[in-house]
Amino acid sequence: MKLKKVFQRKETKYLLTKEQFPAFLGELQQKMTIDEYGQHTIMSLYYDTQDYRFIRHSMDKPKYKEKFRVRSYGVPTEQQLIFLEIKKKVSGVVYKRRVPMPYADYCRWLQTGVLPSMEEAPQIAAEIHWLFKKNPDLLPKVLIAYDRLSLFVDDDSEFRVTFDQNIRFRTCDLMLGSGSDGALVAPEVGVLMEVKALGSYPIWFVELLNKYSVRKGSFSKYAQTYQRHLFKKEERLHVI
């Protein structure tokens, strides 16, 4: 299967309670199919500057913002592919561009400071090189992991629904190969649903949202981690 490197879509988030989730998912499966991976763990290692300039800018809700992260599907072995990703949001539309590479190559980058060539996606590689040239103080800052279930519609690959649970983080031992353990970002949050689409929702999906009184929410995993945990830590450091 050819790996997709460029994504363009709108992403809308909703919060479900753990009590709502089983029945909602059951009805959703009458129209959508769980993808081949089933429930799986995603690990995202976010890079930022020493003063968290990227996430603080993102939280100001500008028309344009970007993030850089390294993503792994499960705990990677040396030869397993991980992804270097630039995620941009422009006027509400998300653009994600990513380059796959073996985890061992990523580890060598950390050791040597020299980015791999990434020859199979030269344009995206050039964007990543430029991002680090503009921001030489970009470093791994926080690892966020969660357990995801993804569903798709057979006749519409652009419409997808994902459910994330057990959203957790850590700020030490930031190697992806060290596992997905971490403290819960927001213990009160049951299930985070993300709807990924470019056009309008199918009528049946709108009806399902209304049936369960599911409304849009605002929950950025990295922003919530920063607000709830990292920002308070920074304040304490400044007081000391």
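Cut-offs used in this document
Residues numbered from 1 in each chain as written. Predicted model: local features only at pLDDT ≥ 70, side-chain atom pairs only at ≥ 80, totals over all residues. Heavy atoms only, no water. Helix = DSSP H or I, 4+ residues; strand = E, 2+ residues; numbered from the N terminus. Rg over C-alpha atoms; globule rule 2.2 N^0.38 Å. Buried < 20%, exposed > 50% of the residue type's maximum accessible area, 1.4 Å probe, protein only. Contact = heavy atoms within 4.5 Å. Areas by Shrake-Rupley, 256 points an atom, 1.4 Å probe, with all protein chains shown as cover. Lys, Arg positive; Asp, Glu negative; His and termini not counted. Charge placed at Lys NZ, Arg CZ, Asp CG, Glu CD. Pairing = 2+ DSSP bridges. Salt bridge = Lys/Arg side-chain N within 4 Å of Asp/Glu carboxyl O.

1. Overview of the overall build of the protein chain
Here is step 1: Secondary structure summary: the protein chain contains six helices and ten strands in total.
Here is step 2: On C-alpha atoms alone, the protein chain measures out to a radius of gyration of 18 Å, which is about the 18 Å that the 2.2 N^0.38 rule sets for 240 residues.
Here is step 3: Each principal axis of the C-alpha atoms in the protein chain carries an extent, and together these give about 50 × 50 × 35 Å.
Here is step 4: Relative to its full complement of 240 residues, the protein chain shows a buried share of 49%.
Here is step 5: Relative to all contacts within the protein chain whose residues are 6 or more apart in sequence, the contacts with residues 24 or more apart total 70%.
Here is step 6: Summed over all atoms, the accessible surface of the protein chain reaches about 12700 Å², with 53% contributed by carbon and sulfur.
Here is step 7: Of note, the protein chain has its 39 positive side-chain charges centred 4 Å away from the centre of its 29 negative side-chain charges.

2. Quick look at the pairing of strand β5 (residues 81-90)
Here is step 1: Pairing analysis gives eight bridges linking strand β4 (residues 64-73) to β5, with the strands arranged antiparallel. Its bridge partner lying in β5, arginine 71 is registered against phenylalanine 83.

3. Describing the pattern of salt bridges
Here is step 1: Here the structure, examined in full by the defined rule, presents 20 salt bridges.
Here is step 2: For glutamate 11, the salt bridge identified is with lysine 87, shortest N-O distance 3.2 Å. Of this pair, glutamate 11 sits in strand β1 (residues 6-16) while lysine 87 sits in strand β5, and the two are 76 residues apart along the sequence.
Here is step 3: With a relative accessible area of 15%, glutamate 11 lands in the buried category.
Here is step 4: Residues lysine 221 and aspartate 164 are paired through a salt bridge, measuring 3.0 Å at the closest nitrogen-oxygen approach. With a gap of 57 residues between them, lysine 221 in helix α6 (residues 221-239) and aspartate 164 in strand β8 (residues 156-170) connect regions that are remote in the sequence. Note on accessibility: lysine 221 and aspartate 164 belong to one class, buried.
Here is step 5: Residues joined by salt bridges that share partners form a network here, namely Glu11, Lys87, Arg148, Asp164, Glu194, Lys196 and Lys221.

From the geometry alone we can't say anything about function, so treat these as descriptive.
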